[in-house]
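A closer look at the structure
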Amino acid sequence: MAISKHADTFAGRPVREYEPGKPGPADCAYRLALEHDDGRTFPELLDEFLTEHGGPELTALVVGPWDYEDMLESSAELVEALVGAKDRMPDLAALYFGDITYDECEMSWIQHGDVSPLLPAFPKLDEFRIRGTTNVTFGTIRHPNLRSFAIESGGLNEELLPEVWAAELPRLEHLELWLGDGYYGGIATAAPLAPLLSGNLFPNLKYLGLRNSRIADEVAKAVAASPILERLEVLDLSLGNMGDEGARALIASPAVRKLRKLDLHHHYISDEVAAELRALGIAVDLNDRHEGHGDDRYITVSE
Amino acid sequence: MRRVVVVGNPGHKRVSFFQQALARRGWPPAGVVPWLDVIAGRDRLEDAAAGGALIRLDSPGQDFEVERRLIARGADEPEDEDAGAAAVPADAARELPFEKGRLLYPRQWYRGFRAVLRSMEERLADVPGVRWLNRPADVIDLFDKRRCQERLAVAGVSIPARLGPARCYEELLARMREAGRPRVFVKLACGSSGSGVVAFAVGGPRVLATTTVELVRSGGRTRMFNSRRLRRYENPADVAALFDGLCPEGVQVEEWVPKAGLRDRACDLRVLVVGGSERHAVVRLSQTPLTNLHLLNDRADVAELRAVVPVEKWEAAMADCRRTAAAFPGCLHVGVDLAFTPGFRRHVVFEANAFGDLLPGALWNGLDTYEVELAALESEVTSSGAS
């Protein structure tokens, strides 16, 4: 299925749609979105917004849909506009790039492009989240302060993974990858995740999310047997199609019992195995159980 | 107390719910004239209406014999707009085999329904005291989404931009290019609300059609079914077959307006306007772009939506619901489908329904939809001093 609602919160703040002359609560994160058939361009909207809310006070920003045709072509104009305005938001600490619903543009149809200038432009960035991976390149990822990095995808391309593995993010604590569906370009086996699961990357990692996976059982088995698990506080395998096979592998892993939280919501696990998970003695999120076998096991976003 | 005559499918819950509402409000039971009899010309409608009656039209849907007869009735009706629509002779139509969910000759069905409605209105024109609760002439326009939206446009209601007619897939693509709109909704002009609706997006070489229409190919022909499951067609040949099947029947092509979300779903709203005032409202939640499918979707309480919609935006939407109903002045009740755009910045009215009052469980001031309609009639009688 799909994402049908915009983020209510981001970076721990309530999200408010930016409307000229109507400030939201002091702690809110503004969402910049072009209306369908908006007369403005994104750079115009950004300029208007920054005139009102720019400066060191501005620490979080959510970017929603931009021009409806451009979403199908490129996000270059946005990247350029945001980077060009970096001095007007010098303390930006959290950026959500692409809070876009299915209704606005299917996730795999959002055409980004080269987003590599974004991270270097905002040195105080603590959290970066991007939706859509079609045509994305991150280039060389290097950032001294980033603690949270999330890539939402309906099919995360294998070719993008080495860019992530090579990232120099010494403070990274939260890494979230939406793996998606092979039909939309996602990985078909867990093998490409091996460099990450080796445990040699991101020494400060506390949260690992391998979410929205069409091969969730296989991913669970690979993670359950991997050294990285020892270092994690939270393992998030939610939004995918996990069934008993993956769940049993997690139950059998001693390291899973040391987690603070295991998030499996949106799953196909039987009541019997779910009971075993609940008996692990850690917090396990088993909400949103679905019924289905084989190809009928849908993941949250396959589009 | 005046008499009510219901034209409907006897035994359908629409008829029994209405009869129950009559009883609760102390009205005599309605005389029921079956659609099947009206189509066959053996209805004795004049007798039923003699001496004055309120005539309630209800849906002829969900009865295959009625569907066949309406298709048969449409066989020899002149076609003014959709000359390319599939046609079947009257005698063959009467023998059509039942296939669950099959989309059968929707335009010819409409022509038959239109002819039946027109002849009813003509026949009762001279019977004194007859009052149509929803006038046939209005019902005719409400059943063609193009005519309906045209009336709403004239009335100044906020509706999705229309792209003009498309008689085949190539013409649809051309319309989309001309309008610069890569995302559209294509709706069978004369289908019931959820039937034959496709959310269609074009991105470079990719196409994606999301719909409940299921294509079944066998023996060199393609048949279309309304499926309970949402289907996604991405193969260009399938997409072409889908639209080449739908478009000749007459389609409404309009911009795909993104909908605001509620509880992690996209939401839209059915508002029943009775006697000029908005009454019941039902919020429908969906994980798909097709929010008006009753089978697939959940409901939410309208209070939950109102809590997040700015007051002035809500009021603007309700004003458009009233304007929508006012565009059909011969209707006591109109069911209006609308949605807010993300951030609740504005709203658009997608559809208006002549038989939009089947909203089981929905209450307004403790009354169901039918009771509210009767109460509106009671207050008319009281205020005019009659009876």
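Residues numbered from 1 in each chain as written. Chains lettered and ligands numbered in written order. Predicted model: local features only at pLDDT ≥ 70, side-chain atom pairs only at ≥ 80, totals over all residues. Heavy atoms only, no water.

Some points on the overall build of chain A
The following threshold applies: A run of DSSP states H or I qualifies as a helix once it reaches four residues; a run of E qualifies as a strand once it reaches two. Both are numbered from the N-terminal end. For the radius of gyration, the atom set is restricted to C-alpha positions; the globular benchmark scales as 2.2 Å times the number of residues to the power 0.38. Three labels apply to residues, based on accessible area from a 1.4 Å probe with only protein chains included: buried if under 20% of the type maximum, exposed if over 50%, partly exposed otherwise in between. Should any heavy atoms of two residues lie within 4.5 Å, those residues are considered in contact. Note on areas: Shrake-Rupley with a 1.4 Å probe; residue coverage comes only from the protein chains shown. For this count, His and the chain ends are skipped, Lys and Arg are scored as positive, and Asp and Glu as negative. Taken as the charge centre is NZ of Lys, CZ of Arg, CG of Asp or CD of Glu, depending on the residue.
Regarding its fold elements, chain A presents eight helices and 12 strands. For chain A, the C-alpha radius of gyration of 19 Å lies close to 19 Å, the compact-globule estimate for 303 residues. Across the 303 residues that make up chain A, the buried fraction comes to 60%. Sequence-distant contacts, at least 24 apart, represent 69% of the contacts inside chain A between residues at least 6 apart. By element, 49% of the accessible surface of chain A is carried by carbon and sulfur atoms, the whole surface being about 11,700 Å². Positive and negative side-chain charges in chain A, numbering 27 and 52 respectively, have mean positions lying 9 Å apart.

Some details on the interface of chain B and chain A
In many analyses, interface size is given as the accessible surface area lost on bringing the parts together. Under the convention used in this document: Buried area is a sum: the accessible area each of two parts loses on coming together, probed at 1.4 Å, counted once for each and added. The salt bridge criterion pairs a side-chain nitrogen of Lys or Arg with a carboxyl oxygen of Asp or Glu, the two atoms within 4 Å. In protein, a polar contact requires one atom able to donate a hydrogen and another able to accept it; more generally it is a pair of N or O atoms within 3.5 Å, and residues adjacent in sequence count only if both atoms are side-chain atoms. Note that Gly is not counted as nonpolar here; it falls among the polar residues with everything else outside the nonpolar set of Ala, Val, Leu, Ile, Met, Phe, Trp, Tyr, Cys and Pro and the charged set of Asp, Glu, Lys and Arg.
Taken residue by residue, the interface counts 35 residues in chain B and 29 residues in chain A. Summed over both sides, the interface of chain B with chain A buries roughly 2,700 Å², with 46% coming from carbon and sulfur. It is R183(B), R206(B) and R345(B) that lose the most area in chain B upon contact with chain A, and together they represent 24% of the buried surface on that side. Our enumeration of links across chain B and chain A arrives at three salt bridges. Close ionic contact of R345(B) with E17(A) constitutes a salt bridge, the shortest N to O distance being 2.6 Å. Viewed at the interface, chain A and chain B are joined by 15 residue pairs in polar contact (both at pLDDT 80 or more). Those elements that provide at least two residues to the side of chain B that touches chain A are β6 (197–203), β7 (206–218), β8 (221–233), β10 (261–262) and β11 (265–274) of chain B. Tallying contributions element by element places β7(B) first for the side of chain B that touches chain A, with four residues. Here the side of chain B that touches chain A is built from residues that sort into 12 nonpolar, nine polar and 14 charged.

Considerations on the nonpolar core
Definition in use: Residues enter a nonpolar core if they are buried and are Ala, Val, Leu, Ile, Met, Phe, Trp, Tyr or Cys, with the set joined through side-chain atoms within 4.5 Å.
Grouped together as the largest cluster of nonpolar side chains are 104 residues, with contacts concentrated most on F128(A) and L210(A). The residues contacting F128(A), other than those within four sequence positions of it, are L95(A), F97(A), L118(A), L119(A), F138(A), L146(A), S148(A), F149(A) and A150(A). L96(B), Y105(B), V309(B) and A352(B) belong to the second largest nonpolar core, which has 71 residues in total.

Concerning the confidence of the model for chain B
Just so we agree on the cut-off: What pLDDT reports is the predictor's confidence in each residue, on a scale of 0 through 100.
For chain B, the average pLDDT comes to 93, and 96% of its residues sit at 70 or higher. Scored as a complex, the prediction yields pTM 0.87 and ipTM 0.75.

What to know about unusual backbone geometry
One non-glycine residue with positive phi stands out, namely L239(A), at about 70°. You can see L239(A) is positioned in the loop between β10 (234–236) and α7 (244–252). By relative accessible area, which is 10% here, L239(A) ends up buried. Positive phi values are uncommon outside glycine, yet F344(B) reaches one of about 55°. Relative to the assigned elements, F344(B) resides in the loop between β14 (333–340) and β15 (347–353).

Structural notes on the sheet that holds β7(B)
Residue and element names in this part refer to chain B. Our working rule: When DSSP finds at least two bridges between two strands, those strands are taken to pair. Axis geometry follows a simple rule: fit a line to the C-alpha atoms, using only the stretch in contact for helices, then measure angles between N-to-C directions, giving values from 0 to 180 degrees.
Here five strands make up an open sheet; going across it, the order is β8-β7-β6-β5-β9 and the pairing antiparallel. Each edge of the sheet is formed by a strand with only one pairing partner; in this case those strands are β8 and β9 (251–255). Neighbour to neighbour, the strand axes of the sheet diverge by 35° on average, direction disregarded. By the bridge criterion, five bridges tie strand β5 (residues 183–188) to β9 in an arrangement that is antiparallel. Bridged to K187 within β9 is Q252. Contacts between helix α9 (residues 169–179) and the sheet are confined to β5, β6, β7 and β9, with β6 contributing the most and set at about 60° to the helix.

Overview of the sheet that holds strand β3 (residues 53–57) of chain B
All names here are of chain B. Pairing is parallel across the open sheet formed by four strands, whose spatial order is β2-β1-β3-β4. Each of the sheet's edge strands pairs with one partner strand only, and the pair in question is β2 (31–34) and β4 (130–132). Averaged over all neighbouring strand pairs, the angle between strand axes comes to 25°, with direction disregarded. Sheet topology places strand β1 (residues 4–8) next to β3; four bridges connect them, and they run parallel. Paired with V5 across the strands is I55, a residue of β3. Sheet contacts for helix α1 (residues 13–24): β1, β2 and β3; angle to β1, the most-contacted strand, approximately 165°.

Some details on the environment of A92(B)
Residues and elements named next belong to chain B. Tracing the backbone shows A92 in helix α5 (residues 90–94). Judged by its relative accessible area of 33%, A92 is partly exposed. Between the alpha carbons of A92 and G31 there is a distance of 32 Å; along the sequence they are 61 residues apart.

Examining the pairing of strand β2 (residues 13–17) of chain A
All names here are of chain A. As judged from the two bridges shared by strand β1 (residues 9–10) and β2, these two strands associate in the antiparallel manner. By the bridge assignment, F10 is partnered in β2 with R13. Following β1, the chain reverses through two residues before pairing antiparallel with β2; A11 in that reversal takes a positive phi of roughly 50°.

A few points about the pattern of salt bridges
Residue and element names in this part refer to chain B. Across all of its chains, the model carries 75 salt bridges over all chains by this definition. Across the pair K187 and E254 runs a salt bridge, and its minimum N-O distance is 2.8 Å. With K187 in strand β5 and E254 in strand β9, this residue pair connects regions lying 67 residues apart in the sequence. Taken as a pair, K187 and E254 share a single burial class, namely buried. A salt bridge links R284 to D268, with the nearest nitrogen and oxygen atoms 3.0 Å apart. Of the two residues, R284 sits in strand β12 (residues 277–286) while D268 sits in strand β11, which places them 16 residues apart along the sequence.

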